[in-house]
Amino acid sequence: MAIGKSELQQRVAEQAGLNKAQAGRAVEAVLNTIRDSLAGGEEVRLTGFGNFVVTQTSARTGRNPRTKETINIPAGKRPAFRPGSGLKSAVSGR
């Protein structure tokens, strides 16, 4: 089961003692800050939770699955998340 943004906002509101509008603005601010930091080439480190980073992908050749034609895939950047030890422990139940 996955939760959406509105459910996340509701849970933040409950835990932080905020109304839903305030929690919504807080969630949006956090997400926008992470996005803008990554776009600017910065890592976002949340101790105990994990790190949001930008990874480099190298240029490579691929294959179009429909036509089987070889295509060139350019180098690029991708956002990635590396979970921290606290998050890993919480998920694994240890």
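Residues numbered from 1 in each chain as written. Predicted model: local features only at pLDDT ≥ 70, side-chain atom pairs only at ≥ 80, totals over all residues. Heavy atoms only, no water.

*Asks:* Any chance you could explain the sheet that holds strand β1 (residues 44-46) here in plain terms?
*Replies:* Note on sheets: strands pair through backbone hydrogen bonds, and any given pair is parallel or antiparallel. With antiparallel pairing, the three strands of this open sheet are ordered in space as β1-β2-β5. The sheet is open, and its two borders are formed by β1 and β5 (76-83), each paired with just one other strand. Strand-to-strand twist in this sheet, taken as the mean axis angle between neighbours without regard to direction, amounts to 30 degrees. (Pairing = 2+ DSSP bridges. Helix = DSSP H or I, 4+ residues; strand = E, 2+ residues; numbered from the N terminus. Axes fitted to C-alpha atoms, helices over the stretch in contact; angles between N-to-C directions.)

*Asks:* Sorry, what's going on with helix α3 (residues 85-92) here?
*Replies:* Note on helix geometry: an α-helix contains 3.6 residues per turn, so any two residues three or four positions apart are oriented the same way. A small share of α3 lies buried, amounting to zero of its eight residues. Of the residues trailing α3, Gly 93 is marked for its positive phi of about 80 degrees. (Buried < 20%, exposed > 50% of the residue type's maximum accessible area, 1.4 Å probe, protein only.)

*Asks:* Please explain the pattern of salt bridges as it appears in this structure.
*Replies:* Where charged atoms from two side chains of opposite charge approach closely, those side chains can pair. As enumerated under the stated definition, the model contains four salt bridges in all. The partner of Lys 5 in a salt bridge is Glu 28, with the nearest N and O atoms 2.7 Å apart. With Lys 5 in helix α1 (residues 5-16) and Glu 28 in helix α2 (residues 20-39), this pair connects stretches of sequence that are 23 residues apart. Measuring nitrogen to oxygen at the nearest pair gives 3.1 Å for the salt bridge that ties Asp 36 to Arg 35. A relative accessible area of 46% means that Asp 36 is categorised as partly exposed. The exposure class assigned to Arg 35 is partly exposed, which follows from its relative accessible area of 49%. (Salt bridge = Lys/Arg side-chain N within 4 Å of Asp/Glu carboxyl O.)

*Asks:* Sorry if this is basic, but what is going on with the packing of aromatic side chains here?
*Replies:* Describing an aromatic ring pair means giving the distance of the ring centres and the angle of the ring planes. Counted under the stated rule, the structure contains two aromatic pairs. Three or more aromatic residues joined by ring pairs form one cluster here, namely Phe 49, Phe 52 and Phe 81. (Phe/Tyr/Trp six-rings, centres within 6.5 Å; stacked < 30°, edge-to-face > 60°.)

*Asks:* What am I meant to see in the environment of Gly 50 here?
*Replies:* Relative to the elements of secondary structure, Gly 50 occurs in strand β2 (residues 50-57). Residue Gly 50 is classed as buried on the basis of its relative accessible area of 3%. Discounting chain neighbours no more than four positions away, the residues touching Gly 50 are Val 44, Arg 45, Phe 81, Arg 82, Pro 83 and Gly 84. (Contact = heavy atoms within 4.5 Å.)

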